[in-house]
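Given next are the chains, with one letter for each unit.
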Amino acid sequence: MLSAARPGPASLRPSPLDHLHPAVLLGGFIAACAVLVAGNWPMAVGLTLLAAALLTATGWRPIHLAQLMRPWLSVAILVMAIHVLTTTSAAPLGHPSGEGVWRGLVAWVRLAGLFMGLAAIQGALEIDALIVGWSWWLRPLDGWLLPTGDLALVLAVALGTAPRVLDDGRRLQQVVRLRRGGREGRFSWRRIGYRLLVVAPLLEGMARRAETLGLTLRSRSGGTDRPRSPGPLQMVLLLGWVATLAVLTVLAGRVG
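Note that the structure is predicted; figures quoted are calculated from it, not measured. (Residues numbered from 1 in each chain as written. Predicted model: local features only at pLDDT ≥ 70, side-chain atom pairs only at ≥ 80, totals over all residues. Heavy atoms only, no water.)

1. A short note on the side chain of Ser97
Then comes step 1: As for its placement among the helices and strands, Ser97 is situated in the loop between helix 4 (73-86) and helix 5 (98-122).
Then comes step 2: Not counting residues within four places of it along the chain, the set of residues in contact with Ser97 comprises Val84, Thr87, Ala90 and Ala91. (Helix = DSSP H or I, 4+ residues; strand = E, 2+ residues; numbered from the N terminus. Contact = heavy atoms within 4.5 Å.)

2. Concerning the nonpolar core
General note: in soluble globular proteins, nonpolar side chains tend to be found buried as a group.
Then comes step 1: Core analysis: the largest hydrophobic core is formed by twelve residues, namely Leu17, Leu25, Leu26, Phe29, Cys33, Ile121, Ala124, Leu125, Ala129, Leu130, Ile131 and Leu155.
Then comes step 2: No other element matches helix 1 (residues 22-38), which puts four residues into this core. (Core = buried A, V, L, I, M, F, W, Y, C linked by side-chain atoms within 4.5 Å. Buried < 20%, exposed > 50% of the residue type's maximum accessible area, 1.4 Å probe, protein only.)

3. Some words on the pattern of salt bridges
Then comes step 1: With the rule as written, the count across this model stands at two salt bridges.
Then comes step 2: The salt bridge partner of Glu99 is Arg103, with a shortest N-O separation of 3.3 Å. You can see Glu99 and its partner Arg103 sitting in helix 5, four residues apart, about one turn around the helix.
Then comes step 3: With a shortest N-O distance of 2.8 Å, Asp168 and Arg171 are connected by a salt bridge. Placement of both Asp168 and Arg171 in helix 7 (residues 151-179) is noted, with a separation of three residues, approximately one turn of the helix.
Then comes step 4: Looking at Asp168, the relative accessible area reads 16%, which means it is buried. (Salt bridge = Lys/Arg side-chain N within 4 Å of Asp/Glu carboxyl O.)

4. Considerations on the confidence of the model for the protein chain
Regions with low pLDDT carry predicted coordinates that are not meant to be interpreted in detail.
Then comes step 1: Summing up the model confidence of the protein chain, the mean pLDDT is 79 and the portion of residues at 70 or higher is 76%.
Then comes step 2: Per-element mean pLDDT across the protein chain ranges from 66 in helix 8 (residues 189-196) up to 93 in helix 1.
Then comes step 3: Long-range and interchain partners of residues 1-5, a stretch whose pLDDT sits below 50, account for twelve contacts in this model, where long-range means more than four residues apart. (pLDDT = per-residue confidence, 0-100.)

5. Thoughts on the packing of aromatic side chains
Then comes step 1: With the rule as written, the count across this model stands at three aromatic pairs.
Then comes step 2: Residues Trp41 and Trp102 carry aromatic rings whose centres are separated by 5.3 Å and whose planes lie at 85 degrees to one another, so their mutual orientation is edge-to-face. With Trp41 in helix 2 (residues 41-57) and Trp102 in helix 5, the pair connects residues that are 61 residues apart, well separated along the chain.
Then comes step 3: On the basis of relative accessible area, Trp41 is assigned to the partly exposed category, the value being 42%.
Then comes step 4: On the accessibility criterion, Trp102 (39% relative accessible area) is partly exposed. (Phe/Tyr/Trp six-rings, centres within 6.5 Å; stacked < 30°, edge-to-face > 60°.)

6. What about helix 6 (residues 127-138)?
Then comes step 1: Here helix 6 spans 16 Å end to end across twelve residues, near enough to the 16 Å set by a 1.5 Å rise per residue.
Then comes step 2: All of the buried residues in helix 6 are Ala129, Leu130, Ile131, Val132, Gly133, Ser135 and Trp136. (Expected span 1.5 Å × (residues − 1).)

7. Let's talk about the environment of Gly133
Then comes step 1: Along the chain, Gly133 falls in helix 6.
Then comes step 2: Residue Gly133 is classed as buried on the basis of its relative accessible area, which comes to 0%.
Then comes step 3: Sequence separation between Gly133 and Leu26 is 107 residues, and the spatial gap between their C-alpha atoms is 6.4 Å.
Then comes step 4: Those residues in contact with Gly133, other than ones at most four positions away along the chain, are Pro22, Ala23 and Leu26.

8. Regarding the environment of Leu238
Then comes step 1: Here Leu238 shows up in helix 10 (residues 232-255).
Then comes step 2: Sequence-wise, Leu238 and Gly28 are 210 residues apart; in three dimensions their C-alpha atoms are separated by 6.2 Å.
Then comes step 3: Excluding residues that lie within four positions of it along the chain, Leu238 makes contacts with Val24, Gly27, Gly28 and Trp137.

Shown next, in the form of structure tokens:
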């Protein structure tokens, strides 16, 4: 059985976010992600440091953060190369520039902030809490535009299928590697061909699972109870967080 690797520590301390209502935590996280992606670079640096502080407070260490970013090293190199070669405001297309390097570094900070933010709320937003949070935010659409009663079932299927497909793909890839004698080899078209061999059996397994999934879900779509609402104090906290992000973004833009 090949399970997905978890870069975090084995045991974590309670996070300050654990006491927040899932709807408040979800809304605050989405607002922070919007500022992190679309805001200026001082806000991106500040939010990334905040996410790193939250992880450190729950027991994460620099080695765990490095392991969290390691699978995305190739993506980081690609992002840097794109910014260096396509920043036409500083140099012609295809010519590297210092401005391109700076924008690439800012993009790295944004990516690191997103990944560390997801890791920071991972423990507080488990599937039950995630269902409560989304159900509360989508409750105005219930009954006339979106059937939120089946949201728990939809999220359970979606979040449960992705890890299983990932494990199946890794298992099939290891089978191909063993048939090759355990040798990875250098980059070659044959190596890409071996990896493409995994696609067909993986899709076949997903199709077989989809055939039985409908039969299994027919008796499990009874809907869910109305989600509990966050208290007034937590709503004030959420509004204060959003207002703080907006004010700091404006101030950082004037300073920059």
